[in-house]
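Structure at a glance
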Amino acid sequence: MNVILLAPQPFYRERGTPIAVRLLAETLCSLGHSVDLLVYHEGEEITFPGLRLLRAAAPPLVRDVPIGFSVKKLACDLALTAAFLRLSRPGRYDVVHAVEEAVFPAAWLRRRHGAAVVCDMDSDMVDQLAGRSRLRRRFRPLLYAIMRRTLRACDLVLAVCPSLADKARALCPGVPVRVLEDIPLTEAPEAPAEDLRMRFPVAGALALYVGNLEPYQGIDLLLASLAALGPDVPATLVVIGGIPGDVARYRVAAAALGLTARVHFAGPRPVRNLGGYLAQADILVSPRTLGENTPMKIYSYLAAGRAILATAIGSHTQALDDSCALLARPEPGCLAAGLQRLAQDAPLRERLGNAAAARAAERYSRAAYREKLRAAYAGLERPPDAMSTAG
């Protein structure tokens with residue numbers, strides 16, 4: 001089928017959603033579909049068989065589009081919608097696959113493009129739009145009404161985790177909803193990585209965090225838990241990721257807690273080195289405090305076969321349980337107790353790591369992802385005349 005994939009992000013960038021979009025596009029092409037990928041004006045160029053990368057026009061003075069809702073992102077969304085309008089006409093595409101907020105023009109303009117609509121649901125968009133603003137939160141009922149009407153105009157919803165799938169089913173009964181989880185970014189080390197124990201003075205067990213340093217990731221909680229550890233507990237934390245401003249801010253925070261010798265910030269590193277870094281860790285930590293979807297890094301953590309310490313929130317417990325991870329309440333004392341237990345119990349680390357690797361191989365492999373996507377798209381196949389008159 002001919003697919004237009006609407007991805008409202010800078011692309012390509014080595015961060016969560018663009019990485020997931022690349023995997024989606026590559027898998028669709030490997031299944032024999034032709035994919036036009038429409039993205040923002042910013043990002044690196046990529047190419048592979050079956051893909052045509054298209055960019056929306058650059059809004060005036062918009063550069064460095066950040067993660068999350070912003071005026072810059074809104075301007076880019078309008079530019080992407082305008083580009084989609086120019087591309088959409090009956091018969092050109094069989095499927096419009098819309099990521100996140102791109103589902104609104106995809107669904108509302110379906111009479112114009114005459115194609116099946118797939119909503120790629122990576123988060124609760126109403127929560128994303130409302131955020132913590134009291135003013136915006138007053139509009140939640142209206143936003144949910146708009147979301148409900150939009151999803152009911154879709155032919156398929158692909159949710160990134162079970163809790164989002166449950167929300168989608170409540171909003172659009174009768175529309176097929178399938179869960180399509182992320183997968184490990186690397187199922188084996190792709191490139192050699194620097195030796196973290198040579199790069200930093202690591203004493204005892206090496207705890208590793210990988211990801212951005214946005215507030216919801218819980219880095220403040222993680223630092224507080226390390227401060228609560230006794231000096232005799234053999235554990236050192238290395239943090240990989242984050243933009244320079246966030247790295248500098250957390251270095252100051254760690255120093256203020258007296259953690260300069262115990263916490264080291266490596267800054268961003270290439271995704272191709274991820275497997276090599278994870279393989280060096282004794283403990284992989286995810287101290288996230290907010291969110292509903294499972295962090296993409298959790299799947300890479302599982303595949304690495306290392307002991308995982310994560311907060312016991314729904315974002316994590318959809319993919320993790322006590323058989324393959326140590327789960328702790330999102331409080332400094334509880335996370336500190338988990339760190340201490342894992343740092344001092346090598347057999348426990350080995351048992352959890354082996355169980356994690358087995359889970360990744362069984363549930364979250366690239367082959368499993370491909371089969372889930374193939375089955376979902378099989379339900380969209382309709383005769384050409386039905387495709388051209390849909391809506």
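Description of the structure in this document. Keep in mind the model is a prediction, meaning the values are calculated, not measured. (Residues numbered from 1 in each chain as written. Predicted model: local features only at pLDDT ≥ 70, side-chain atom pairs only at ≥ 80, totals over all residues. Heavy atoms only, no water.)

Here we look at unusual backbone geometry
- Looking along the chain, the bond that leaves F11 and enters Y12 is cis, with omega of 5°.
- Here D64, not a glycine, exhibits a phi torsion of approximately 55°, which is positive.
- Here D64 shows up in the loop between β3 (51-55) and α2 (71-87).
- One non-glycine residue, E100, adopts positive backbone phi at about 50°.
- Of note, E100 is situated in the loop between β4 (95-99) and α3 (103-108). (Helix = DSSP H or I, 4+ residues; strand = E, 2+ residues; numbered from the N terminus.)

Some details on the pairing of strand β11 (residues 283-286)
- The side-chain alternation of β11 yields two buried faces, one formed by I283 and V285 and the other by L284 and S286.
- Sheet analysis places strand β8 (residues 205-210) next to β11, joined by two bridges and oriented parallel. Paired with A207 across the two strands is I283, which belongs to β11.
- Pairing between β11 and strand β12 (residues 307-311): four bridges, direction parallel. Following the sheet pairing, S286 is matched in β12 by A310.
- Each parallel crossover has a hand, and the one from β11 via helix α13 (residues 296-304) to β12 is right-handed. (Buried < 20%, exposed > 50% of the residue type's maximum accessible area, 1.4 Å probe, protein only. Pairing = 2+ DSSP bridges. Right-handed = clockwise from strand over helix to strand, strands pointing away.)

Points about the packing of helix α15 (residues 332-344) against helix α16 (residues 346-363)
- Packing of α15 against α16 leaves a shortest axis separation of 5 Å and a crossing angle of 100°. Judged on the interaxial angle alone, α16 and α15 are roughly perpendicular. Across the interface between the two elements, R341, L342, A343 and Q344 from α15 touch A346, L348, R349 and L352 from α16. (Axes fitted to C-alpha atoms, helices over the stretch in contact; angles between N-to-C directions. Parallel < 35°, antiparallel > 145°, perpendicular 65-115°, else oblique. Contact = heavy atoms within 4.5 Å.)

Considering the packing of aromatic side chains
- Tallied over the full model, the rule gives three aromatic pairs.
- Judged by centre distance (5.4 Å) and plane angle (50°), the rings of F104 and W108 are tilted. With a gap of four residues between them, F104 and W108 both fall in helix α3, about one helical turn apart.
- Overall, the relative accessible area of 14% leaves F104 in the buried class.
- On the accessibility criterion, W108 (57% relative accessible area) is exposed.
- Note on Y299 and Y364: the rings are 4.8 Å apart at their centroids and 65° apart in plane angle, and the pair reads as edge-to-face. (Phe/Tyr/Trp six-rings, centres within 6.5 Å; stacked < 30°, edge-to-face > 60°.)

Considerations on the packing of helix α1 (residues 16-30) against helix α17 (residues 366-378)
- Relative orientation of the contacting elements α1 and α17 amounts to 70°, with a least axis distance of 10 Å. Comparing their axes, α17 and α1 come out roughly perpendicular. α17 is crossed by α1, and the crossing has right-handed handedness. Residue-level contacts link L23, L24, E26, T27, L28 and S30 of α1 to R366, Y369, R370, L373 and Y377 of α17.
- Per-class residue counts for the contact of α1 with α17 are six nonpolar, two polar and three charged. (Left-handed = near helix turned anticlockwise from the far one by under 90°. Nonpolar A, V, L, I, M, F, W, Y, C, P; charged D, E, K, R; others polar.)

Overview of the sheet that holds strand β1 (residues 2-6)
- Strand order in the open sheet made by the seven strands is β3-β2-β1-β4-β5-β6-β7, with parallel pairing throughout. Only two strands of the sheet have a single neighbouring strand rather than two, namely β3 and β7 (177-179). The average undirected angle you get between the axes of adjacent strands in this sheet is 20°.
- Sheet topology note: the β1/strand β2 (residues 34-39) ladder contains five bridges and is parallel.

Note that every value here comes from positions in space, so none of it alone points to a role or purpose.
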